[in-house]
Amino acid sequence: MKPAEIQAVQAHLRRLLGTQKLTIRAAQTRNGPVELLVDGETIGTVDRDAEDGEVAYHVTISVLSEDLPLN
């Protein structure tokens with residue numbers, strides 16, 4: 001993803017989710033993942049999909065069982 005796309009998606013997600021703690025970090029290597037972070041902790045990825053002249057951004061969030069509180 002290009003820097004302008006990252007900024008636009010980040011701004012949209014911040015408004016949508018109501019938090020400025022969310023950031024999107026560009027891929028560190030060519031073809032590497034674009035990371036979604038909250039307070040500096042990676043919680044998922046953002047992928048760009050261009051098909052039939054339309055562009056969509058897919059957000060995947062991972063929740064590890066070890067991060068869940070015990071009942």
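Structure first, text after, so check above.
Residues numbered from 1 in each chain as written. Predicted model: local features only at pLDDT ≥ 70, side-chain atom pairs only at ≥ 80, totals over all residues. Heavy atoms only, no water.

Asker: So what exactly am I meant to see when it comes to the sheet that holds strand β2 (residues 34-38) here?
Answerer: Hydrogen bonds between backbone groups are what pair the strands of a sheet, and the pairing can be parallel or antiparallel. Across the sheet, which stays open at both edges, the four strands sit in the order β1-β2-β3-β4 with antiparallel pairing between neighbours. Strand pairing shows two members of the sheet lacking a second neighbour, β1 (22-25) and β4 (54-61), which therefore form its edges. Strand-to-strand twist of the sheet, defined as the mean angle between neighbouring strand axes without regard to direction, takes the value 30°. Inspection of the sheet shows strand β3 (residues 41-51) paired to β4 by eight bridges, in the antiparallel sense. (Pairing = 2+ DSSP bridges. Helix = DSSP H or I, 4+ residues; strand = E, 2+ residues; numbered from the N terminus. Axes fitted to C-alpha atoms, helices over the stretch in contact; angles between N-to-C directions.)

Asker: I tried to follow the pairing of β3 on my own but got confused; where do I start?
Answerer: Working note: regular strand, side chains alternate between the two faces of the sheet. With five bridges connecting them, β2 and β3 associate as antiparallel partners. What sits directly across from Leu-37, in β3, is Thr-42. Connecting the antiparallel pair β2 and β3 is a turn made up of two residues, with Asp-39 showing a positive phi of about 55°. Hairpin geometry of β3 and β4 is characterised by an intervening segment of two residues between the two adjacent antiparallel strands and by a positive phi of about 55° at Asp-52.

Asker: Can you walk me through a nonpolar patch on the surface in this structure?
Answerer: Together, Val-59, Ile-61, Val-63 and Leu-68 make up an exposed nonpolar region whose accessible area comes to about 360 Å². Positionally, Val-63 belongs in the segment after β4. (Patch = residues over 30% accessible without salt bridge, like charges linked within 9 Å, V, L, I, M, F, W, Y side chains within 5 Å. Areas by Shrake-Rupley, 256 points an atom, 1.4 Å probe, with all protein chains shown as cover. Salt bridge = Lys/Arg side-chain N within 4 Å of Asp/Glu carboxyl O.)

Asker: Help me understand the nonpolar core, please; the structure alone is not making it clear to me.
Answerer: Across soluble globular proteins, nonpolar side chains have a tendency to be buried as a group. Counting eight residues, the largest nonpolar core consists of Ile-6, Val-9, Leu-13, Leu-22, Ile-24, Val-34, Leu-36 and Val-46. Within the residue set of this core, elements represented by two or more residues are α1 (3-17), β1 and β2. With three residues, α1 is the single largest residue contributor to this core. Beyond its immediate sequence surroundings of up to four residues, Leu-22 is in contact with Gln-10, Leu-13, Arg-14, Leu-17, Leu-36 and Leu-37. (Core = buried A, V, L, I, M, F, W, Y, C linked by side-chain atoms within 4.5 Å. Buried < 20%, exposed > 50% of the residue type's maximum accessible area, 1.4 Å probe, protein only. Contact = heavy atoms within 4.5 Å.)

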